[in-house]
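Residue-level listing of the chains:
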Amino acid sequence: MSPATPTIVGTDGLTRCAWAGTDEEYQRYHDEEWGVPLHGQRKVFEKISLEGFQAGLSWITILRKRPAFRERFHGFDLDAVAAMTEADVESLLDDARIIRHRGKINAVIGNARTALELGDDLDELLWSFAPPPRPVRFAQWTEVPAVTPESTALSAHLRKRGYRFVGPTTMYALMQSGGLVDDHLVGCWRSESAP
């Protein structure tokens, strides 16, 4: 995606945010998931976990590996993930179908334990940091922030509670993908202001 190309027209005739490119899975994700309000403890925990795995990588890599992540992390059920052992970690490190990063794997398990120990309702917690809707939709990718005061505050709150791999940029990506903010650009078919 070039900053000079905010939107592209797909072979299906739909104008999308340019980051969706021509990959069918990326386009499906853009059309059906990105920016759609996300709710539910398990869904929010999955998205926090996958956004943490994405740090330093492309999101399409995570999307392609998501079925294996779901399988290996028990559908992101908090109780099941929190019960994972060092033997499970070693097994995950041998599975090329996921991102084999010990720190990120341990963070997912630790984050599940933290959520359970503190009794966190991740859905409620996440949405408590939702910013007010923007009065104007962005027209260019250069306008879209990587970090906002809200994502910084969410990150700081989660870190204080013991969560890991929840930096401000990662949390802004979560806000975008989980529909807390709507960063579909002007002209995108998902944009309310599309012609």
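Owing to the predicted nature of the structure, the values given are computational and were not obtained by experimental measurement.

Undergrad: Requested: an account of the UniProt feature "binding site: Zn(2+)" (unreviewed entry) in the protein chain, with residues and values cited.
TA: Taken from the UniProt record, the annotation "binding site: Zn(2+)" (unreviewed entry) applies to Cys 17, His 30, His 184 and Cys 188. Taken along the chain, the residues just named run across 172 residues; in space they keep tight, none of their C-alpha pairs more than 10.2 Å apart. Note on placement: Cys 17 falls in strand β2 (residues 15–17). Judged by its relative accessible area of 0%, Cys 17 is buried.

Undergrad: Could you give an account of helix α1 (residues 24–32), with specific residues and numbers?
TA: Taken together, the buried positions of α1 are occupied by Tyr 26, Gln 27, Tyr 29, His 30 and Asp 31. For α1, the elements touching its buried residues are β2, α2 (41–54), α3 (59–72) and α9 (168–177). Capping the start of α1, Asp 23 holds a side-chain oxygen 2.9 Å from the backbone nitrogen of Glu 25, two or three residues further along.

Undergrad: So what about unusual backbone geometry? Which residues, and what values?
TA: Residue His 74 is not a glycine yet carries a positive backbone phi of 55°. Relative to the helices and strands, His 74 resides in the loop between α3 and α4 (78–82). The exposure class of His 74 is partly exposed, given its relative accessible area of 41%. Although it is not a glycine, Phe 76 sits at a positive phi angle of roughly 60°. Looking at where Phe 76 falls in the secondary structure, it is placed in the loop between α3 and α4.

Undergrad: Break down the nonpolar core for me, citing the residues and quoting the values.
TA: Judged by nonpolar contacts, the single largest core of 54 residues is most densely connected at Phe 69, Phe 73 and Ile 105. Residues in contact with Phe 73, not counting those within four places in the same chain, are Phe 53, Val 81, Met 84, Leu 92, Ile 105 and Val 108.

Undergrad: Describe α2, with residues and values.
TA: Here α2 is 14 residues long and its end C-alpha atoms lie 20 Å apart, about the 20 Å a rise of 1.5 Å per residue gives. Within α2, 11 of the 14 residues are buried, which leaves it mostly tucked inside the rest of the structure. Along α2, the residues classified as buried are Val 44, Phe 45, Glu 46, Lys 47, Ile 48, Ser 49, Leu 50, Glu 51, Gly 52, Phe 53 and Gln 54. On its buried face, α2 sits against α1, α3, α4, α6 (102–118), α7 (122–127) and α9. In the stretch just after α2, Gly 56 is the one whose phi turns positive, near 85°.

Undergrad: Describe the packing of α2 against α6, naming the residues involved and giving the relevant values.
TA: Where α2 contacts α6, the two axes come as close as 10 Å, and the packing angle between them is 155°. Judged by the inter-axis angle, α2 sits roughly antiparallel to α6. Relative to α6, α2 is oriented so that their crossing is right-handed. When α2 is examined against α6, the residues Phe 45, Ser 49, Gly 52, Phe 53 and Gln 54 are found in contact with a partner set consisting of Lys 104, Ile 105, Val 108, Asn 111 and Ala 112. Classifying every residue of the contact of α2 with α6 by side-chain character gives five nonpolar, four polar and one charged.

Undergrad: Summarise the environment of Ser 177; cite the residues concerned and give the values.
TA: Here Ser 177 shows up in helix α9. Of the residues examined, Ser 177 reaches a relative accessible area of 3% and is grouped as buried. In this structure the C-alpha to C-alpha distance between Ser 177 and His 30, which are 147 residues apart in sequence, comes to 9.0 Å. Setting aside residues no more than four positions away along its own chain, Ser 177 makes contact with Tyr 29, Glu 33, Trp 34, Gly 35, Val 36, Lys 47 and Glu 51. A distance of 3.0 Å separates a polar atom in the side chain of Ser 177 from a polar atom in the side chain of Glu 51. Within polar-contact distance, the side chain of Ser 177 engages the backbone oxygen of Leu 174 at 3.3 Å.

Rules of the game
Residues numbered from 1 in each chain as written. Predicted model: local features only at pLDDT ≥ 70, side-chain atom pairs only at ≥ 80, totals over all residues. Heavy atoms only, no water. UniProt positions renumbered as here; feature names shortened; annotations may be inferred. Helix = DSSP H or I, 4+ residues; strand = E, 2+ residues; numbered from the N terminus. Buried < 20%, exposed > 50% of the residue type's maximum accessible area, 1.4 Å probe, protein only. Contact = heavy atoms within 4.5 Å. Polar contact = N/O pair within 3.5 Å; in protein donor to acceptor, adjacent residues only side chain to side chain. Core = buried A, V, L, I, M, F, W, Y, C linked by side-chain atoms within 4.5 Å. Expected span 1.5 Å × (residues − 1). Axes fitted to C-alpha atoms, helices over the stretch in contact; angles between N-to-C directions. Parallel < 35°, antiparallel > 145°, perpendicular 65-115°, else oblique. Left-handed = near helix turned anticlockwise from the far one by under 90°. Nonpolar A, V, L, I, M, F, W, Y, C, P; charged D, E, K, R; others polar.

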